[in-house]
Amino acid sequence: MATTTRSDDRHDNFGRILWIPHYTNHLCLSTHVFWYWNIPPATTLWTLWIPFAVLYVVQILLLDQTHRVVLNSGPPQPRYCLERAAWAFADSIWKYYPSVECVPCFSSETTTTSSNSTAATTTTTTATTLDPSRQYIFGVHPHGIHCIPLGQFTAKDSAFDKTFPGLYGPKLTGICATVIFKIPVVRELFFHMGYVDASRSVCCDALSQGQSLFICVGGEEESLYSCPGQDIVVLQKRKGFVRLALSYGADLVPVFGVGNTDTYETYSFALSWRLWLQKKAGIALPIFHGRWFTTLPYPVPIKLLVGKPIPTPTPKVLGANPDDALVDEYHAKYIEALKDMHAKHVHDRTLIVR
């Protein structure tokens, strides 16, 4: 009896492939061909994905400008499968994040009326709130490892949305550094939350459309100072958000997340070198861990303090660059308001402004 060698089997299988009808799935054909050349199907799959991966990287690094487009048509919708997957992942992990309580730090206005004829006294108390018809720039502090308070501005029915109804939606836009939109998957998460690029041109475009902005002022530098039990904000030289507010007459609102720096354990190893790297190259390398030594935060309750709006003068020319003296004046007012708010509501630590 004649024996069939392994090589003969390959040729027989390849011959049968040639007779597969033309309507057969091309993936089946390619799998058999790669098997004939002794290449595993798993390798075939990766080989097929390489062009798509290269195209995606080129798209986000060189071509895509979505982060510079100010949308004003309601909450964003996923555009492709990766965004859908990233958004579904983000929605699924929020249950592991700390609870947030929103606390308006406003002084109430009380009016008392007396009537001599009836010996009656009527007291009317009007609580200050945020008028949805006005424009605001919310400065959010501190960054921490993850600025969890920012999520309050991007989610419907959040503690912030329930406390200040009418602000959440297409008229409230977050801004963040350009590099965020160059990191695969991370950019999809920030698109999900409605963020745009933090460049001045994009911010001016948003403000000229009547939108309000929220920004973590201290940025990645502030994340390096994050330490449990301490509140350190990077603010002394951060004046860009004040300049924007004065250019468009938007009110400045200080916001502070008490407990945000307690959600991760951090380490100061080589801190001076990491600060140097951040300043020279814009790369922040915080050393930290969360629950179970993962990136999930510890379940520390966060109290979101929302300060009283600081009104700015109406500019003579909308979008015009304000005088440096005026910027310094309102920057000092903002820092003072933030310090006062922190001192009145946080008693176990002092605020350090760098």
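Just so we're clear, the structure is a prediction, and the values are computed from it rather than from any experiment.

### Structural notes on the nonpolar core
Point 1. Ranked by size, the top nonpolar core spans 37 residues in total, and within it Ile137, Leu235, Phe241, Leu252, Phe256 and Leu305 carry the most contacts.
Point 2. Mapped onto this core, the elements with two or more residues apiece are strand E1 (100-105), helix H7 (200-208), strand E7 (212-216), helix H9 (240-248), strand E9 (251-258), helix H11 (324-345) and strand E13 (351-353).
Point 3. Of all hydrophobic cores here, the second largest spans 30 residues; its members include Ile93, Val140, Phe164 and Leu172.

### Observations regarding the pairing of E7
Point 1. By the criterion of burial, E7 is predominantly enclosed, with five of the five residues buried.
Point 2. Every second residue of E7 is oriented toward a common face, with Ser212, Phe214 and Cys216 on one face and Leu213 and Ile215 on the other, all of them buried.
Point 3. Here four bridges tie strand E4 (residues 136-141) to E7, and the two strands are oriented parallel to one another. Residue pairing across strands places Gly139 opposite Ile215, the latter belonging to E7.

### What about the packing of aromatic side chains?
Point 1. Under the defined criterion, the tally for this structure stands at ten aromatic pairs.
Point 2. Relative to Phe138, the ring of Tyr136 has its centre 5.7 Å away and its plane inclined at 40 degrees; by these criteria the two rings are tilted. Per residue, the accessibility class of Tyr136 equals that of Phe138, and both read buried.
Point 3. Measuring from centroid to centroid gives 5.1 Å for Phe153 and Phe214, while their planes differ by 20 degrees, and the two rings are stacked. Here Phe153 is found in the loop between E4 and helix H5 (159-163), whereas its partner Phe214 is found in strand E7, with 61 residues between them in sequence. The burial state of Phe153 is the same as that of Phe214; both residues are buried.
Point 4. Counting every residue linked through ring pairs, the aromatic cluster contains Tyr136, Phe138, Phe153, Phe160, Phe164, Phe190, Tyr195 and Phe214.
Point 5. One residue, Arg291, lies across the ring of Trp292, its end atom 5.0 Å from the ring centre.
Point 6. Stacked on the ring of Tyr330, the Lys or Arg Lys333 has its end atom at 4.3 Å from the ring centre.

### With respect to the packing of H7 against H9
Point 1. At a minimum axis distance of 11 Å, the contact between H7 and H9 shows a crossing angle of 35 degrees. As for how H7 packs across H9, the hand of that crossing is right-handed. Residues Arg200, Cys203, Cys204, Leu207 and Ser208 of H7 pack against Arg243, Leu244, Ser247 and Tyr248 of H9.
Point 2. Its residues placed into classes, the contact of H7 with H9 shows five nonpolar, two polar and two charged.

What counts, and at which threshold
Residues numbered from 1 in each chain as written. Predicted model: local features only at pLDDT ≥ 70, side-chain atom pairs only at ≥ 80, totals over all residues. Heavy atoms only, no water. Core = buried A, V, L, I, M, F, W, Y, C linked by side-chain atoms within 4.5 Å. Buried < 20%, exposed > 50% of the residue type's maximum accessible area, 1.4 Å probe, protein only. Helix = DSSP H or I, 4+ residues; strand = E, 2+ residues; numbered from the N terminus. Pairing = 2+ DSSP bridges. Phe/Tyr/Trp six-rings, centres within 6.5 Å; stacked < 30°, edge-to-face > 60°. Lys NZ or Arg CZ within 6 Å of the ring centre and 35° of its normal. Axes fitted to C-alpha atoms, helices over the stretch in contact; angles between N-to-C directions. Left-handed = near helix turned anticlockwise from the far one by under 90°. Contact = heavy atoms within 4.5 Å. Nonpolar A, V, L, I, M, F, W, Y, C, P; charged D, E, K, R; others polar.

Nothing here speaks to function; it is all geometry.
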